[in-house]
Amino acid sequence: MKQFIVIIVFICGVLKLNATNTPFSQISGTIVDAQLKEAIPFATISVIDASGKIVNGTTSKEDGTFVLKRIKKGTYSLKIQFMGYKTHTQKLNIDSKNLKLGTIPLTPSVAEMDEVKVVAERSTIEQRIDRKIINIGKDLITSGATASDIMNNLPSINVDQEGNIALRGNSNVKILIDGKPSNMDPSQLLKQIPSSSIKRVELITNPSAKYNPEGMSGIINIVLHKNTNLGFNGNLNTGLTYGENARFNGALNLNYRAGKFNVYTNLGGNFGDRHNRNDLDLTGKNAQQKIDMLNHNNSYLYKIGADFFMDDHNTFSFYTNQNIFKGGPDAVINATYFDNPSNNLKQDLNMDIENFNSTYNFAYKHTFKKEGHEILIEADYNDYDQDEDFAADFDNQTVYTPYTETVAENRKTLITSIDYTLPIGENSKLESGLESRNLKNEQDYNTTNPASTSSDYEYNRNIYSFYTTFGQNFDKFSYQIGARLERFTIDAEAENTRIFEDNYITLYPSGFFNYTPNKKNSYQISYSRRIDRPSLRQVSPIREISTPTITVLGNPDLQPQFTNSIEFNYTRNLKKGSFTAGIFYRNITDNINQLINEDPNDDANLIITYSNFDDTNAYGFELSSNYKFTNWWSANGSFELYQQTQKGVVGSEYTEVDNTAYTARINNSFSVSEKVTLQLFTYYRGPNKELQFKNEDVFFTNLGARYTFLNKKATLSLNFNDIFGTQKYEFSTTKPYRQKGMFKTEFQNVYVGFSYRFGSSKTKKLQRKKRNNDEKQGGGMF
């Protein structure tokens, strides 16, 4: 026994001696984006000796951290490279066992930055493992006054004549603001957000299991400005758009950071009138309808928040978003029936809308001693109130009598969540979380229209979910697998009578694999299962629009549609630019689409509603690229091609449509001097088909100029949009009878804008994990 103890003591002494005298060291650090202060995963780190030989290397993990082991003591150079960023190089004098380099910022290679860059001159695009991120620069801010105005300038996104957004050719997309859903209709919400209030837009086409699975084609997350520079700083933006009418917009971002507190605010607004024209030729009825509309808009947005950094491990945060809107359309509708002139009518329509949308968010984050080990508790409450007053009058009419309608709507949503992240070893990470989403919507509809009936409608939806994901990161590849389990309950009542209810449990798996063999190439393949639940406007039986010829309302029996999505993306870094290519495939069950039928009680009226159609498949190809041809000319463009076969019963007829759609856009930037930049943007969307409609092609060109002065703190912008006057939306259909239509608004306009920034430059940003905002990234100029 004594001999055994002596041997053990001897072995321990030898091991301790070897450990003390080992010539090897370890290097560690964290790589972040110099602008966003967010982690950069998959960056290439190399240690180079005096002869230029690489003696060790690795890639950063998803949280930006890296560790290099078994490096001999001595003098080296550290080189860090990643697509879209300037190469970082620094000297290393290794004379200790552990060398901690701390946070290492990488500067975007295309960002035109000075010591404080609140808004960059040019927008940039970052290709992350599961999304594209477009950082909104002055080139996009000056292309339009609102979020809706600039969306057509972004890759993979299309906006129709009513402001509805489609991602990859599909309108079933989830819109988030600061990673949170809003109770407002997305098309209305985007028209209320000033473009200058937007920091970045994230396109998440195949989200992982830890994110909300709603939205068949994915998620569009709009992140508003939140500055966290030390001291006092801010940014002022204002602009005037003039087509047939004048519209004004403005935003003010302010921030004060001192000690353990950070307080910030974003104030924005836009107001003015917009003229719309809608012509409908009902050739199957030998009739026509013309709508001349003037939309009034007064909308305001403000965001106020505060962060409290209690210590190195505990952070409390609170913010509120408030949207206020007053406006609505005044319209004149002329319907002419050539075979029966006695049915001709002229309707004067007036609609006054007031809504107030409030969001309150609280978050607490605790980080443990081990880097990356953390827990986040978050609560988000949204309250939406809208009052609508509608009046219809008729000239020279005995068939129709004037009437009024009111719709009062209240919508409340509460989201609570807990997210837990646990690093396992050096290469693995486990994430788990719980979430509860509770929604209650009430509508009170009152009408004096003898053809309609007053009613109340109540809709309640509760979703409870649990997710877990596991991922590993190695030198050249990484993967992540996960699943989300949800229980969904819903009930709807009209006039205190239950008209619909449902209850089910569903599993949503996901998987990602990324391979980065070198700094020039990156490959990624992913899979996810998603759901598109009908929106409130799609299920509400209360009319959305009502005229003597058209009624739009929802379908309470509408079922959700499910999607299985697979996509592959490739990113290539070029000497003077980069490009990203991707293909995707989607299998869709119970496809939701719009349906038009004749009113069984009035053959002169059309009813527009929604229905579930047969299962369908969709696939597509996307390519986006940027290239700097000369020191004064750079361009970026994108091309998207989508194909989908749609099947279903329209009226009493089974219909099958093969639709191939494509979109191309290119943005040219010309630097006339250090202070003057010109911009030329061209957009084309080819014709496409739906089950009932054929949509014609859309083409327009915008021309812009920017002048920077006051030591690059101020910018004056001038834009001429739709310079050839070609932008309009046309459609045609043969079901239920032959008709065609055209919509046109003040697309051709001139925009004049001014921006000015001020404040300090030292930054310390609160790193908050958002369940709808992953942090895996690449880079490149957009």
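The present account deals with the structure reproduced in this document. Computed from a prediction, not measured in an experiment: that's the story for all the values here.

Moving on, we come to the overall build of the protein chain. Along its length, the protein chain carries 5 helices and 45 strands. Counting only residues that meet the buried cut, the protein chain has 54% of its 782 residues in that class. The long-range share in the protein chain, meaning contacts at least 24 apart out of those at least 6 apart in sequence, stands at 65%. Looking at the protein chain as shown, the accessible area adds up to about 33100 Å², and 57% of this sits on carbon and sulfur atoms.

With that settled, consider unusual backbone geometry. Even without a glycine there, the phi angle at Asn-496 is positive, about 65 degrees. Inspection of the secondary structure assignment puts Asn-496 in the loop between strand E26 (477-494) and strand E27 (497-518). Positioned with a positive phi, Asn-711 is a non-glycine residue whose angle comes to about 60 degrees. Of note, Asn-711 is situated in the loop between strand E41 (698-709) and strand E42 (714-721).

Another point: the pairing of strand E25 (residues 455-473). Where strand E24 (residues 428-447) lies against E25, 18 bridges are found, and the strand directions are antiparallel. What sits directly across from Lys-440, in E25, is Asn-460. Bridging between E25 and E26 involves 17 bridges; their strand directions are antiparallel. Bridge assignment links Thr-469 to a residue of E26, and that residue is Gly-482. Between E25 and E26, which pair antiparallel in sequence order, lie 3 residues.

Moving on to the sheet that holds strand E2 (residues 44-48). If you trace the 4 strands from one edge of the open sheet to the other, you get E3-E2-E5-E6, paired in antiparallel fashion. Of all the strands in the sheet, just strand E3 (54-59) and strand E6 (88-94) have a single pairing partner and so form its edges. Averaged over all neighbouring strand pairs, the angle between strand axes comes to 20 degrees, with direction disregarded. Judged from the 5 bridges that link them, E2 and strand E5 (residues 74-81) form a sheet pairing that is antiparallel. Its bridge partner being in E5, Val-47 is matched across the sheet by Leu-78.

Among the structural elements, Pro-423 can be located in strand E23 (residues 403-424). For the pair Pro-423 and Phe-470, spaced 47 residues apart in the sequence, the C-alpha separation amounts to 9.8 Å. In this structure, Pro-423 is in contact with Lys-370, Glu-371, Gly-372, His-373, Ser-428 and Lys-429, ignoring residues within four places of it in sequence.

Turning our eyes to something else, we now look at the sheet that holds strand E4 (residues 65-72). Pairing within the open sheet is mixed, and its 3 strands lie in the order E4-E1-E7. Whereas interior strands pair on both sides, the edge strands pair on one side only; in this sheet they are E4 and strand E7 (98-106). The average undirected angle you get between the axes of adjacent strands in this sheet is 20 degrees. Here 7 bridges tie strand E1 (residues 24-33) to E7, and the two strands are oriented parallel to one another. Opposite Thr-30, over in E7, you have Thr-103 as the bridge partner.

Next up on the list: the pairing of E1. Residues in a regular strand project their side chains so that they alternate between the two faces of the sheet. For E1, the buried fraction is high: 8 of the 10 residues fall into the buried class. As judged from the 6 bridges shared by E1 and E4, these two strands associate in the antiparallel manner. Looking at E4, one finds that Gly-29 is bridged to Phe-66.

The next subject is the environment of Asn-135. If you trace the backbone, Asn-135 turns up in strand E9 (residues 132-135). Taking the relative accessible area as the measure of exposure, Asn-135 reaches 11% and is therefore buried.

Tracing the backbone through its elements, the reader meets Arg-411 in strand E23. For the pair Arg-411 and Tyr-459, spaced 48 residues apart in sequence, the C-alpha separation works out to 9.3 Å. Side chain to side chain, Arg-411 and Glu-409 meet in a polar contact 2.3 Å long.

Our focus in this paragraph is the pattern of salt bridges. Tallying each qualifying case throughout the model produces 20 salt bridges. Arg-484 serves as the salt-bridge partner of Glu-435, at 2.7 Å between the closest nitrogen and oxygen. Taken together, the residues Glu-435 in strand E24 and Arg-484 in strand E26 connect sequence positions 49 residues apart. Taken as a pair, Glu-435 and Arg-484 share a single burial class, namely buried.

About the criteria used
- Residues numbered from 1 in each chain as written.
- Predicted model: local features only at pLDDT ≥ 70, side-chain atom pairs only at ≥ 80, totals over all residues.
- Heavy atoms only, no water.
- Helix = DSSP H or I, 4+ residues; strand = E, 2+ residues; numbered from the N terminus.
- Buried < 20%, exposed > 50% of the residue type's maximum accessible area, 1.4 Å probe, protein only.
- Contact = heavy atoms within 4.5 Å.
- Areas by Shrake-Rupley, 256 points an atom, 1.4 Å probe, with all protein chains shown as cover.
- Pairing = 2+ DSSP bridges.
- Axes fitted to C-alpha atoms, helices over the stretch in contact; angles between N-to-C directions.
- Polar contact = N/O pair within 3.5 Å; in protein donor to acceptor, adjacent residues only side chain to side chain.
- Salt bridge = Lys/Arg side-chain N within 4 Å of Asp/Glu carboxyl O.

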